[in-house]
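Structural characterization, general
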Amino acid sequence: MLLLILCTGQYYLVAQNSMSIKAKLNVSEKSFTINQEIIYKNTSNDSLTSIYLNNWNNAYSTKTTPLAKRFEQEFSTKFHLAKSNERGYTVVTQITDNLDNELVNHNLKDRPDVIKVELAQPLLPGESYHIKLNYILVVPDDIFTGYGITKNKEFNLKYWYILPAVYDGKWHYYSNKNLDDLLIPKADIHLELEHPRNYTVVSELDVVNFSPDGNIQTTTLFGKDRTDSFIVIGNFPNYKYVQTDQINLISNINETGLQPQDKAILTDKIVRYLNTNLGTYPHNKLLVSELAYKRDPLYGLNQLPNFIKVFPDNFQYELKLLKTALKKYIDNILLMHPREDYWLSEGLQIYYLMKYVDENYPNTKLLGGLSNIWGIKSFNVAKADFNFQYYLFHMEMARRNNDQPLAMSKDKLLKFNSNIANKYKAAIGLVYLDQFMEDANLSQLLKTFIDDNKLNYTTTDEFQDFLSNQTSKNIDWFFDDYVGTRKKIDFKLKKVKTTDDSIQITVKNKRNHSIPAKLYAYKGDSVKNTYWLENIKDEFEFTIPKDSITKLTINEDYIIPEINRRDNFDNLKGIFGSGKPFQVRIFKDLEDPRYNQIFMMPLIEYRNIYDGLVIGTKWYNKTLLRRRLNYQFSPQYAINSNTITGSASAYYTHLIEDKDLFDITYGANVRYQSFAQDAFVTSFTPQVAFTFRKDSDFRSDLIQQASARYVGIRRNLGPDALVNITEPDYGVFNLRYVLVNPGIINYARFSGDFQVAENFSKVAVNYEFRKLFENNQQFSFRFFAGAFIKNNTPVDSDFFSFALDRPTDYLFDLPYLGRSEASGIFSQQIIIAEGGFKSKLDTPFANQWMTTANFSTSIWRYIQAYGDIGLVKNRFNPAKFVYDSGIRLVLVEDYFELFFPIYSNLGWEIAQPNYDQKIRIMFTVDPQVLLGLFRRKWY
């Protein structure tokens, strides 16, 4: 155990940390009985009275751990609904020192996966402490994170045994949040694993011995200077060994259609690339698993079904293997804080992936083979290089104002940023930095930095100091602004003035940062000169020789991840001067900042039964990436109503950074559509909305919005209309406030609404609460109260009244398919609004005030019982108590549900005639609503 000279009591002077683990596997109980010894060296200048241990397997123990809350935040109920025997836990039976003295220990409050151990005596600087642990480890099923026991009784384990935390002046312990980011001190690991003889152990650790004993075998492994604890134990797991000149690569990553010999050749090619760029791997084996790839895939490529091959088999296999191997290689040789300094290690992974594609597949396009297909190859996205995707994915979040600083702790990032956008931003930033430095080669510097720090812990600050000493340029902007903040990059070619022999240029930095810009001067189609513009605080003026220059461009090659490139061009001799020509294209595409683009897309929609199928076109300016100004015009022909319908809108969104006020959107829309047979409505709505989101915590689902709008309604009837209009056309001014926390375990929503029109004014409040308890019982509660402040509408008209079960929707907000139907299945469509009742009672409206409460609770799985109660008050009549109850079948919460009334003011409805007409149906056909189910997990 690396004892040097001194052994006094429980103190040791050792070279470094070491761990000895004896683990006995019980497959049927999916458990390990473990005896473990840890020799922990104090490498700090402080005396330690306690040591913290990471017990990450215990993160699966309850439904309230930080891991469980992480699943909840990402709208996954899989863990919450799991049975106890599907989750894992750890039972620590004893912790002692080497003299067998019991050491006081306890799990941290709210962190059951971290153990605090009180030492019998202080651990002095430079000395080591011997801790012995006995515990039983029950591993979880792999359905939650991929780690644990599979359906085939194979074990994929990472961070499975107890590991010490790192102390460097402060303790670095934190909970498992399914991020693969545990910081542990490197150690010499000795592992004795007792398992069934028909099982095989796959690990990066070196095999020391096999000891069979009947049906049992003990596999002994050893590794020096290790931090990686991943291991596979299974009945002949499907891993292949490829021995190269550098290392033995073990992998089960597969690609159908690729022969074993081809895989071996590609594996050798990849290992040579790793060795050339990252230096010699310090261990004998590199284990690269399909599980690791699935947890960190090539997004976009991984979304395609297996039968669609847009890239050659060898290309897909190479990139899958390379990306996964890069992650493992870098993490095992460059030891950094994986939660705080993740941006560098993961940025390097993508940086070298981009470099590999540039060197080996420079002509490969983003869409692969699809780029050559007629009808597709003319699109800008088809012309984009494969590596352009990294800019694209990062810009997806920046354009939404959902980007977060690279320096932010990984567990605080949105899922899209954590898994995709931030590592891509880091990589393109390194490419950007490489071009800027000019007097230094970043690839060579990175290799030197990795060699100098191999198997040693390092930090972002040390990386900054290293690079700063290798270049004459000031690169503080990269770490201070690019890494340290989420300030957007946005330059403008503000003014260009030509003289006889020179060009006077003014460049504006539209954001408060010191990031440099790159200016390209073109002569025809060729780049004549490039200029780096540094320290542009606001505006920067300079002069260049005219020299037959015809065009000036900032950030021509997308090296700078700039949020808006539309004002980066000036055509000195173009037919449009410095303006941009218009370009009309079919279907949405990537933005081409050289043009004012308008897109046209054929539309086939079904919005209501009166218009039926509508066919038309949408003319719009929205590209694949969000824009602040969006407009659209959609003329459509409705087959059922034999009429031209459609809509038009224009909205501008002002994105606000570093404040809880997230954005301000203002604009207007106009729509023309049927609301009954041969009856049409025109609505015109100018509005402004203020959205608030907690700036310090984007992972919080809490959203607030305050809005003001005016809704103007004009209706007209044709000769075949079956409805009568008794109310004149009208306009309503509406103020609304919404606060929503749309959690999948705990859901809450409050809204307040004020409306004023010529003949009425009213106010309403709505509160909804839904909770999924630990026993998987769900309870929902909704409260509504509304009252008229003024009501001069006719007493015999309920058009503007509060509705008990089916609002009239005079503002035309709700997606009714048959809003004017009094019978038939479309009249049974229910949208929970206002009273929220499901039964159609004899008092369906209130023209003075209404208050209701709606309840539901689980019976079994997707079956719930519901009940509604309320008071309905109409003018000149006493308040009436109303109620109903029944069964609710929840297929997709809030999107597709069925309500079966049983008992109400009408009596036993279930026994009454025409019961099938009393069933209420909640459903949506709007694809944007259904897409929200996906977006909420990532944004």
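What this report covers is the structure whose coordinates are included nearby. (Residues numbered from 1 in each chain as written. Predicted model: local features only at pLDDT ≥ 70, side-chain atom pairs only at ≥ 80, totals over all residues. Heavy atoms only, no water.)

When helices and strands are counted, the protein chain shows 12 helices and 49 strands. Against the 2.2 N^0.38 benchmark of 30 Å for 939 residues, the protein chain shows a C-alpha radius of gyration of 33 Å, consistent with a compact globule. Taken along its principal axes, the extent of the C-alpha atoms in the protein chain is 100 × 85 × 55 Å. The long-range share in the protein chain, meaning contacts at least 24 apart out of those at least 6 apart in sequence, stands at 63%. Put simply, the protein chain has 108 plus and 106 minus side-chain charges, and the middle of one group is 4 Å from the middle of the other. (Helix = DSSP H or I, 4+ residues; strand = E, 2+ residues; numbered from the N terminus. Rg over C-alpha atoms; globule rule 2.2 N^0.38 Å. Contact = heavy atoms within 4.5 Å. Lys, Arg positive; Asp, Glu negative; His and termini not counted. Charge placed at Lys NZ, Arg CZ, Asp CG, Glu CD.)

Here the focus is unusual backbone geometry. At aspartate 100, a position not held by glycine, the phi torsion is positive, near 65°. Its relative accessible area of 52% is what places aspartate 100 among the exposed residues. The backbone phi angle of aspartate 547 is positive, close to 45°, even though this residue is not glycine. Checked against the element boundaries, aspartate 547 lands in the loop between β27 (539-545) and β28 (551-554). (Buried < 20%, exposed > 50% of the residue type's maximum accessible area, 1.4 Å probe, protein only.)

Taking 1.5 Å as the rise per residue, helix α8 (residues 415-437) with 23 residues should run 33 Å; its terminal C-alpha atoms sit 32 Å apart, in good agreement. If you look at α8, its biggest bend is around 45°, right at alanine 421. A positive phi of about 60° marks glutamate 438, the residue just after α8. (Expected span 1.5 Å × (residues − 1). Bend = angle between axes of the 7 residues up to and from the residue.)

Moving on to the pattern of salt bridges. Here the idea is simple: oppositely charged side chains can pair when their charged atoms come close. Inspection of every chain in the model, using the stated rule, returns 55 salt bridges. As a salt-bridge pair, arginine 70 and glutamate 74 come within 3.5 Å of each other at their nearest N and O atoms. For arginine 70, a relative accessible area of 3% gives the class buried. Judged by relative accessible area, which is 14%, glutamate 74 ranks as buried. Put simply, aspartate 206 and arginine 226 hold a salt bridge, and the shortest N to O gap is 3.9 Å. You can see aspartate 206 sitting in strand β17 (residues 206-213) and its partner arginine 226 sitting in strand β18 (residues 216-226), a full 20 residues away along the chain. Overlapping salt bridges, with partners in common, bring together Asp296, Lys323, Lys327, Asp331, Glu346, Lys410 and Lys423 in one network. (Salt bridge = Lys/Arg side-chain N within 4 Å of Asp/Glu carboxyl O.)

Read across the open sheet, the 3 strands follow the order β23-β24-β27; overall the sheet is antiparallel. A single partner strand is all that each edge strand has here, and the edge strands are β23 (491-498) and β27. Adjacent strand axes in the sheet meet at a mean angle of 20° when their direction is disregarded. Both β23 and strand β24 (residues 502-509) contribute to a ladder of 7 bridges, which runs antiparallel. Following the sheet pairing, threonine 498 is matched in β24 by isoleucine 503. (Pairing = 2+ DSSP bridges. Axes fitted to C-alpha atoms, helices over the stretch in contact; angles between N-to-C directions.)

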